[in-house]
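Examining the three-dimensional arrangement
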Amino acid sequence: MTKYNFSTVEEMPPLAFSLESTRMIPTGSWRHVRPVYRDKNSPCHITCPAGEKIPAYFELVRQKKYAEAWYKILEDNPLPGVTGRVCYHPCEAQCNRAGYDGAVAIHNIERYVADKNLQNKKLPAAVESPKSEKVAVIGSGPAGLSCAYQLSRMGYRAIIYESDHEPGGMLRYGIPDYRLPKKILDKEIKDIETLGVEIRTDSRIGGNVAWNELERYDAVFVAVGAGHSREMETPGEDLKGVYSGIHFLRELNAGNVPKVGRNVLVVGGGNTAIDAARSALRLGKRVTVLYRRTRADMPAVPGEIEEAEKEGVHFEFLVAPVGLSGDKGKVSEIELVKMKLGDPDESGRKRPVPVKGSNFSLKADTIISAVGEEPDLSFLPYSFLKKGIRLLVDDDYTTGVPGIFAGGDAATNPNGTVVNAIRAGKEAAISIHEFLGWRSRSNGASHNAVTPEEVNTFYFPHGNRVKVPTQTIQKSKSAFSEVNRTLTEEQALTEAERCFTCGTCLHCDVCMTFCPDVAISKDESGEYVIDYDHCKGCGICVEECPRGAMELIPEGAREPAEEVD
Amino acid sequence: MGQIKYQLPPEEVLAPGHFACPGCGATLTMRYALKALGRKTVVVIPACCWSVIDGPVPYSAAGVPVFHTAFETAASTACGVKAGLDAQGDHETTVLAFAGDGGTFDIGLQALSGAAERNEDFIYICYDNEAYMNTGIQRSSATPLGAWTTTTPTESPKAEKKKNIVEILAAHRIPYLATASVAYPDDMISKIRKAKDIRGFKFIHVFSPCPPGWKFEPEDSIKISRMAIESKVFPLIEIFHGTDYKLSKEPEGVPVRDYIKIQGRFRHLDEERIGIIQENVDEEWERLYSKCVPTTQAHHAGSGEFQGERRSSAALSIRETDSAKKKVQSARR
């Protein structure tokens, strides 16, 4: 700016005038609250048992970087094609968009990303340098695969012992094809093997492989799952035509279609019961599910129950089996008693109590009993602490025996779902890593998530949730072909656009746009810089931030640490 | 679909360090106006908040020449500045009169009307914070019905409706007239740019919330501005030649109550009086809406275009005749 030097009064202009910029005035001293950029966790990420970084991979999907999005998911979950199909997606229930115009269809995007990478041979490299320690994993179900995979990423040699002929555990033998085609599972297991995990099939610990052999390993992870059907504890269970749900599904998945009559009764209300019922329906039978509580109490995933009903499965609630009777050793009739709900039990649900004198009988030629599964732990050589029928483990998946960890359905897995098993495997891998003397990178992330109130919905025009393409059983070519389809690219992109990306700054410039003090700018790397010499702390940037990635803190307070994983 | 984003001109003409209160709408208005007009601009400011905001001598925030002038003279001073620039052969520099509602609706109305009637070639932006805020929140004729100010205390809040300055200016048949809001910066900037390219008198009425005067937390400035639009309290429109009305944004039609409830200046109002305000807003909206061109959808916020330079003003055509031009030239000599 030109400097004026006036030697006489006459030289001065007739009016007072200003030549300096107010930039010299530090109006930041007026401030009593200070805006800060602070990425926060999204509710979906916090809710996801596997801890998938959902906002991050959604952003990659929006940029059509599908391989990168896949790698992002693989950091936490080696089986996105599986969970994209069978996960009960608790993330969606917590989605901040749920109360606005419907939760984002997160699991459909996960599946889209996985399917988009079915042919992708380029896998992400291990994140840490190779280590000398070896870890044995017993069981190749979701918990075992997840643990071995994470260990392998950390540089360990992980060897899985699988008693069956093919790996996958319940994923292979428990979930029917119409929900999870085998080729998806095969592909994702193959990827895990490519990354360095060795899977030894037909190797039963305590059978053809002695427990002692495991002593060569530095740690062991027990993830044998719960593959043993509980009994109904009613007389006549050994009659012909009575199957356990697990056995029925197992035979079917192994390609040996079990002999079933025309009239199939399924006892139980869990996912196994529903899977068995829908499978029997696909064999062309009339199927009725008998459950001793009400529909709302069913432990099965609600969406699966709805689909079963739509396909034509019948339901009878508040009935329990009393006995089975047969004709020439073959089941022909089931005696049932009506139930009513009493006081709540330890699960918080009302306990069903039999109604005296309400017994009645139904004709049936096949009974599938699916009243619960339990692990078979008879192979363990010394007595582990147990909680009920399962192995007792601490929060860090340690058993009482040093070096032996356990997780998944064999241990105290909260709800017996695939994704919780994946979480157990991942977290156990971190525990094993620490047990072997390394420090884990986990940072004790906070569990505070962006609330719906922190999202500024003005910036998000309404848009309906994607309608997932389905193929009804009546229309499908083969009875066991997959019911739900993968989204098209257009659908996936539209749906990904619906995501608020809660808590993660996307550099949308809204904060900069509305700053009355011109105190926000971008540096060379595109990051925002707040000019605290001039920011008066009005808070407009924080209030207007579409996704809750900013915060107002009292002036003088220490800047809080980032809270995201 | 996807998130709403704004593409504003990157250059920041306005400097930080100005004396506006936190969350000031008038300051955002100036920031957007200068982004739209660029550095080749002279601003004329009468007595108003901006007399203070621009900074004490020897400092100035605007980043362009600012002429501070008396309360009633924004329009006449701007005429003079424009004439002075013309005399120097500078026909490029934009002259912007930037006045509050007091200096526009009340004290400066005579000069404003004169400049509009003569179709003087400059832009007049009125940043309307609905009272004399700078002097201590006294009511102006822009203060809305039912509002508290220090001169309309809660026992007897303002009993009169807000003066319809837009209709007054429309009656002058000026070439371009628009309303804008700090909550829709892209719309405001495109309207100011449009005004820049039109010869003659342009008037832009900007809704500029005032946190201390309206009694709300400064972070809610944009939210309140947005609600004023969505509740039809302050419709976003353009009027060409005083007769062609175009709606810039179809409001969602949220209840006026939602807008009123978040401002302390309306806290004393009971449901009945809020109902009266709602009726008043609806009535005004119906009247305005009936004048708007039906194809509102074609004119989304910020996308309407001005078809060349139509000169409906007889005065302008007369001034533009060859003999008139010669006269002007000889007068200048």
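Residues numbered from 1 in each chain as written. Chains lettered and ligands numbered in written order. Predicted model: local features only at pLDDT ≥ 70, side-chain atom pairs only at ≥ 80, totals over all residues.

When you go through chain A residue by residue, the secondary structure sums to 17 helices and 23 strands. C-alpha atoms of chain A, sized along the principal axes, occupy 125 × 55 × 45 Å. Expressed as a percentage of its 565 residues, the buried residues of chain A come to 46%. (Helix = DSSP H or I, 4+ residues; strand = E, 2+ residues; numbered from the N terminus. Buried ≥ 20, exposed ≤ 12 C-beta atoms within 10 Å, placed from the backbone.)

Right, let's talk about the overall build of chain B for a bit. Within chain B one finds 13 helices and 9 strands. Here chain B holds 333 residues, and the buried ones make up 53% of them. Contacts spanning at least 24 positions in sequence make up 70% of the contacts within chain B whose residues lie at least 6 apart. (Contact = placed C-beta atoms within 7 Å.)

Further remarks concern the interface of chain A and chain B. In this assembly, 36 residues from chain A lie in contact with 34 residues from chain B. If you list the elements that add at least two residues to the side of chain A that touches chain B, you get β1 (20–21), α15 (489–498) and α17 (540–544) of chain A. At 4 residues, the largest contribution of residues to the side of chain A that touches chain B is made by α17(A). Here β1(A) pairs with strand β2 (residues 59–60) of chain B via 2 bridges, running parallel. Bridge pairing in β2(B) places Glu20(A) opposite Tyr59(B). (Pairing = 2+ DSSP bridges.)

Residues and elements named next belong to chain A. Segmentation of chain A into domains returns domain 1 (134–227 + 375–435) and domain 2 (230–374). Each of domain 1 and domain 2 was reduced to a C-alpha centroid, and the two centroids are 29 Å apart. Contact with domain 1, which involves 10 residues of that partner, is made by 12 residues of domain 2. (Domains from an automatic or database assignment.)

On to the sheet that holds strand β4 (residues 157–161) of chain A, then. Residues and elements named next belong to chain A. Ordered in space as β5-β4-β3-β6-β20, the 5 strands form an open sheet in which the pairing is parallel. Each having just a single partner strand, β5 (198–200) and β20 (404–406) make up the two edges of the open sheet. Mean inter-strand twist for the sheet, computed between neighbouring axes without regard to direction, equals 20°. The sheet contact formed by strand β3 (residues 134–138) and β4 spans 5 bridges and is parallel. Paired with Val137 across the bridge in β4 is Ile160. Relative to the sheet, helix α14 (residues 418–435) contacts β3, β6 (219–222) and β20, its axis offset from that of β6 by approximately 160°. (Axes fitted to C-alpha atoms, helices over the stretch in contact; angles between N-to-C directions.)

In the predicted model, chain B carries a mean pLDDT of 90, and the fraction of residues at 70 or more is 88%. Note that pLDDT drops below 50 for residues 295–319 of chain B; the model gives that stretch 36 contacts with residues more than four away or on any other chain. (pLDDT = per-residue confidence, 0-100.)

Next up on the list: the packing of helix α3 (residues 74–87) of chain B against helix α5 (residues 109–117) of chain B. All names here are of chain B. Packing of α3 against α5 leaves a shortest axis separation of 6 Å and a crossing angle of 40°. Accordingly, the angle class assigned to the pair α3 and α5 is oblique. Where α3 abuts α5, its residues Ala74, Ala75, Ser76, Ala78 and Cys79 lie against Ala111, Leu112, Gly114 and Ala115. Class assignment of the residues belonging to the contact of α3 with α5 gives a composition of 7 nonpolar, 2 polar and no charged. (Parallel < 35°, antiparallel > 145°, perpendicular 65-115°, else oblique. Nonpolar A, V, L, I, M, F, W, Y, C, P; charged D, E, K, R; others polar.)

The next point concerns unusual backbone geometry. Following Val57(B), the chain continues into Pro58(B) via a peptide bond in cis, with omega recorded as 5°. Structurally, Pro58(B) is set in the loop between α2 (49–53) and β2. If you check the backbone angles, Lys328(A) has positive phi at about 55° while not being a glycine. Counting through the fold element by element, Lys328(A) comes out in the loop between β12 (319–327) and β13 (330–344).

To continue, consider helix α11 (residues 245–253) of chain A. Residues and elements named next belong to chain A. α11 sits mainly inside the fold: 7 of its 9 residues count as buried. Taken as a whole, α11 has its buried residues at Gly245, Ile246, Phe248, Leu249, Arg250, Leu252 and Asn253. Here the buried face of α11 lies against α9 (170–173), β7 (228–229), β8 (242–244), α12 (271–282), β16 (366–369) and β17 (373–374). At the C-terminal side of α11, Gly255 shows a positive phi close to 95°.

Okay, the environment of Pro130(A) next. Residues and elements named next belong to chain A. One can find Pro130 in the loop between α7 (106–116) and β3. Judged by the 11 C-beta atoms lying within 10 Å of it, Pro130 falls in the exposed class. With 24 residues separating them along the chain, Pro130 and Met154 place their C-alpha atoms 7.4 Å apart.

Now for the sheet that holds strand β7 (residues 202–207) of chain B. Backbone-to-backbone hydrogen bonds join strands into a sheet, with any given pair of strands oriented parallel or antiparallel. Residues and elements named next belong to chain B. The strand order across the open sheet built from 8 strands is β3-β1-β4-β5-β7-β6-β8-β9, with neighbouring strands paired in mixed fashion. The two strands at the open ends of the sheet, each matched to only one other strand, are β3 (66–68) and β9 (244–247). Taken over all neighbouring pairs, the strand axes of this sheet differ in orientation by 20° on average, direction set aside. Two elements, strand β6 (residues 176–181) and strand β8 (residues 237–240), share 3 bridges in a ladder whose sense is antiparallel. When the sheet's bridge partners are listed, Ala178 is paired in β8 with Glu238.

As a further point, take the environment of Pro55(A). All names here are of chain A. Tracing the backbone shows Pro55 in helix α2 (residues 54–62). In the structure, Pro55 is positioned 139 residues away from Thr194 in sequence and 28 Å away in space, judged by C-alpha atoms. With near-sequence residues (within four places) excluded, Pro55 lies in contact with Ser42, His45, Cys499, Thr501, Cys502, Gly503 and Thr504.

It is worth spelling out the pairing of β13(A) at this point. Residues and elements named next belong to chain A. Judged from the 8 bridges that link them, β12 and β13 form a sheet pairing that is antiparallel. Looking at β13, one finds that Gly326 is bridged to Val331. The hairpin turn running from β12 into β13, its antiparallel successor, is 2 residues long, and Lys328 in that turn takes a positive phi close to 55°. Where β13 lies against strand β15 (residues 360–363), 4 bridges are found, and the strand directions are antiparallel.

It is characteristic of soluble globular proteins that their nonpolar side chains tend to be buried jointly. In this structure, Val137(A), Phe221(A), Val222(A), Val266(A) and Ala277(A) are the most contacted members of the largest nonpolar core, which totals 130 residues. Take this core: its biggest share by element is 8 residues, from α14(A). Among the domains, domain 1 (134–227 + 375–435) and domain 2 (230–374) of chain A are the pair contributing at least three residues each to this core. Setting aside residues no more than four positions away along its own chain, Ala277(A) makes contact with Val266(A), Val287(A), Val289(A), Ala308(A) and Val313(A). Grouped together as the second largest cluster of nonpolar side chains are 114 residues, Val95(B), Cys126(B), Ala131(B) and Phe207(B) included. (Core = buried A, V, L, I, M, F, W, Y, C linked by C-beta atoms within 7 Å.)

Turning next to α15(A). All names here are of chain A. When we look at burial in α15, the residues that qualify are Ala492, Glu495, Ala496 and Arg498. Buried residues of α15, viewed axially, fall in a sector of 145°; they line one side. Those residues of α15 hidden inside the fold are in contact with α2 and α7. (Arc of directions from axis to C-beta.)

This next bit is on the packing of helix α1 (residues 25–37) of chain B against helix α7 (residues 185–196) of chain B. All names here are of chain B. At their nearest, the axes of α1 and α7 sit 9 Å apart, and the two run at 45° to each other. As the angle between them shows, α1 and α7 are arranged oblique. The handedness of the crossing between α1 and α7 is right-handed. For the pair α1 and α7, contact is made by Tyr32, Ala33, Lys35, Ala36 and Leu37 and by Pro185, Met188, Ile189, Ile192, Arg193 and Lys196, respectively. (Left-handed = near helix turned anticlockwise from the far one by under 90°.)

With respect to the helices and strands, the residue Asp220(B) is situated in the loop between α8 (211–214) and α9 (221–230). Accessibility expressed as a C-beta count within 10 Å gives 22 for Asp220(B), which makes it buried. Sequence separation between Asp220(B) and Pro209(B) is 11 residues, and the spatial gap between their C-alpha atoms is 9.3 Å. Those residues in contact with Asp220(B), other than ones at most four positions away along the chain, are Glu543(A) and Ile262(B).

Here the focus is the pairing of strand β5 (residues 123–128) of chain B. Residues and elements named next belong to chain B. Of all 6 residues in β5, 6 are buried, a share of seventy percent or more. Both faces of β5 are covered, namely the face carrying Ile123, Ile125 and Tyr127 and the face carrying Tyr124, Cys126 and Asp128. Of the pairings in the sheet, the one linking strand β4 (residues 94–100) to β5 comprises 5 bridges and is parallel in character. By the bridge assignment for β5, Ala97 is matched with Tyr124. When β5 meets β7, the two strands line up parallel, connected through 6 bridges. Residue pairing across strands places Tyr124 opposite Phe203, the latter belonging to β7.

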